[in-house]
Amino acid sequence: MAGSKEIERPGEGEDIMSLFWGLADGTEVPDQFALWSGILAVSSIMGRKCWIDRSIYEIRPNLYVLFVAPPGRNKKSTAIGWAKRALRRVNPKPEILATRITPEAIKQTLSSDGGVKEAHGIILADEFTVFLDQASWKWGLGNLLTELYDCNDTSHHTSGGGRIDLMSPYIVMLGGTTPKTIRDGFPKEFIGSGLASRFICVYIDDKKPPVPFPEGGKAILFDKIVKELERIRMIKGEFVLSPEARSFYDLKYREWFNNPLYDELSAMIAGYPSRRCDIMLKLSMIMCAITTHDKLISDKHLATSEKMLVDNESFLPTAHRLITGTDVGGFNKEILEFIRRYGMIARKAVVREFKNKMDLRQIDEGLRLLLSSDEVETKFEAGTQFFKYKVQAER
């Protein structure tokens, strides 16, 4: 293969995973976020020139990953920023898309320009709802990202009556958010959509010990990361499974469809379980590129990839409950704080404030509980019901 002579295998401790873990050492960034930030950087740089032939379709190493953690914890933005910093130093620079962008602007940016340009783009959004919100969903961004995930050529009509061709598309996406933001800020259709089933959700609740002064000396690690990314960029062509890897995949494929978690995850994220084995193959290509350059996927590469998915999937039920739950206790606190801020306020104002978070029954139930706990009192004036904050509740 062209360029293969210039490729050097990484030395011990010099692979991308080890280097990104090194970035996390002496910081508050969890190892899992550092790991997946590195994986996304490699996925971004490999591009569609790498693939696995599945006979009836091809798999490429592009990934959609979402970091999910409570607000103010685990430095999601820092980990995403590491991938961005490394990719911006690679020469030539890959196309990193703006996080505030319309579907039509994405199409224009990635358009084939007469069939010459590949539609290769990277989305790194530390506040993912800035990128994907209710408005952009209505404009068709969710459908566009779902379509581009499979890396097939596509054409779209513009609002002006023209046509945009997206040839050889390859989109990689890494975002950060919180369970509450997904619940309150994401498009309501997202959780049950085909787009959600294409995401790897990396959920972390544990918080690392505070680090007032993060460990220095990271610049040399970035130098090594960029060198590794430039080595990996030269790898191109079809990846194949070794005989041992084929046996391993055959076993895990059959086991997965008999795993009780298959049905449990199907009820949460329809479509993910059926794509899960393809995602494992995507990761195995990345693991192979990280550790070697011969494009021969070993059973070890597959085992590492499966373990990464298993580690994430063990937290998915908890994350799903947090995302889809109503969190009535939390909402009641918000209602109380809203009333306290105004001192006294009409019921209709409370409804107007919280109608996008709770239905009318839940709002009335919350108000009833606040009355019964003696934290607020109610009165009627001219036929309008008001709720008044009781100062003694501060004791």
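The structure displayed is predicted, hence computed values, not measured ones.

A look at unusual backbone geometry
Residue Pro92 is reached from Asn91 by a cis peptide bond, and omega for that bond is 0°. Summarising the element assignment, Pro92 is placed in the loop between helix H3 (76-89) and helix H4 (103-110). The backbone of Cys151 shows a phi angle near 65°, a positive value even though the residue is not glycine. Take Cys151: it is sitting in the loop between helix H7 (141-149) and strand E5 (154-157).

Some points on the nonpolar core
Counting 106 residues, the largest nonpolar core has Trp36, Ile39, Phe131 and Leu229 as its most contacted members. Element by element, the count of residues in this core is highest for helix H12 (residues 272-291), at 12 residues. In this structure, Trp36 is in contact with Leu63, Val65, Phe67, Ile200, Val202, Leu283, Met308 and Asn312, ignoring residues within four places of it in sequence. The next biggest cluster of nonpolar side chains, apart from the first, holds 15 residues, and it includes Ala349, Val351, Ile363 and Tyr389.

Concerning H12
Between its first and last C-alpha atoms H12 spans 27 Å; for 20 residues at 1.5 Å apiece the expected length is 28 Å, and the two agree. Buried residues dominate H12, accounting for 17 of its 20 residues.

Things to note about the pairing of E5
Because side chains alternate across E5, one face comprises the buried residues Thr154 and His156, and the other comprises Ser155 and His157, none of which is buried. Across 4 bridges, E5 lies against strand E6 (residues 163-166) in antiparallel orientation. Its bridge partner being in E6, Ser155 is matched across the sheet by Asp165.

A short note on the packing of helix H2 (residues 31-46) against helix H9 (residues 219-233)
Relative orientation of the contacting elements H2 and H9 amounts to 40°, with a least axis distance of 9 Å. Crossing hand, H2 versus H9: right-handed. Contacts between H2 and H9 involve Ala41, Val42, Ile45 and Met46 from the first element and Leu229, Ile232 and Arg233 from the second. The residue makeup of the contact of H2 with H9, split by class, is 6 nonpolar, no polar and 1 charged.

Quick word on helix H11 (residues 260-268)
Along an α-helix, a turn takes 3.6 residues, which lines up residues three or four apart on a common side. All buried positions along H11 are accounted for by Leu261, Tyr262, Leu265 and Met268. The buried side chains of H11 occupy one side of the element, clustering within an arc of 125° when seen end-on. Summarising the geometry of H11, the exposed residues directed more than 90 degrees from the buried face are Pro260, Asp263 and Ala267. The N-capping residue of H11, defined by a side-chain oxygen 2.9 Å from the backbone nitrogen of Leu261, is Asn259.

A look at the sheet that holds strand E1 (residues 50-53)
Strand pairing within a sheet occurs via backbone hydrogen bonds; the two strands may be parallel or antiparallel. Ordered by their spatial adjacency, 3 strands build an open sheet running E2-E1-E9, and the pairing between neighbours is mixed. For this open sheet the edge positions go to strand E2 (58-59) and strand E9 (237-238), each flanked by a neighbour on one side alone. Here E1 runs beside E9; their pairing, made up of 2 bridges, is parallel. Paired with Cys50 across the bridge in E9 is Gly237. Along the sheet, H12 contacts E1 and E2; its crossing angle with E1, the most-contacted strand, is approximately 135°.

Comments concerning the sheet that holds strand E7 (residues 170-177)
Strand order in the open sheet made by the 4 strands is E4-E7-E3-E8, with parallel pairing throughout. Looking at the sheet topology across the chains shown, the edges are occupied by strand E4 (120-125) and strand E8 (199-203). Across the sheet, the mean angle separating the axes of adjacent strands is 10° when strand polarity is ignored. Pairing of E4 with E7 involves 6 bridges; the strand directions are parallel. Paired with Ile123 across the two strands is Met173, which belongs to E7. Together, strand E3 (64-68), E4 and E7 form the strand contacts of H7, whose direction differs from that of E3 by roughly 125°.

Calculation rules
- Residues numbered from 1 in each chain as written.
- Predicted model: local features only at pLDDT ≥ 70, side-chain atom pairs only at ≥ 80, totals over all residues.
- Heavy atoms only, no water.
- Helix = DSSP H or I, 4+ residues; strand = E, 2+ residues; numbered from the N terminus.
- Core = buried A, V, L, I, M, F, W, Y, C linked by side-chain atoms within 4.5 Å.
- Buried < 20%, exposed > 50% of the residue type's maximum accessible area, 1.4 Å probe, protein only.
- Contact = heavy atoms within 4.5 Å.
- Expected span 1.5 Å × (residues − 1).
- Pairing = 2+ DSSP bridges.
- Axes fitted to C-alpha atoms, helices over the stretch in contact; angles between N-to-C directions.
- Left-handed = near helix turned anticlockwise from the far one by under 90°.
- Nonpolar A, V, L, I, M, F, W, Y, C, P; charged D, E, K, R; others polar.
- Arc of directions from axis to C-beta.
- Polar contact = N/O pair within 3.5 Å; in protein donor to acceptor, adjacent residues only side chain to side chain.

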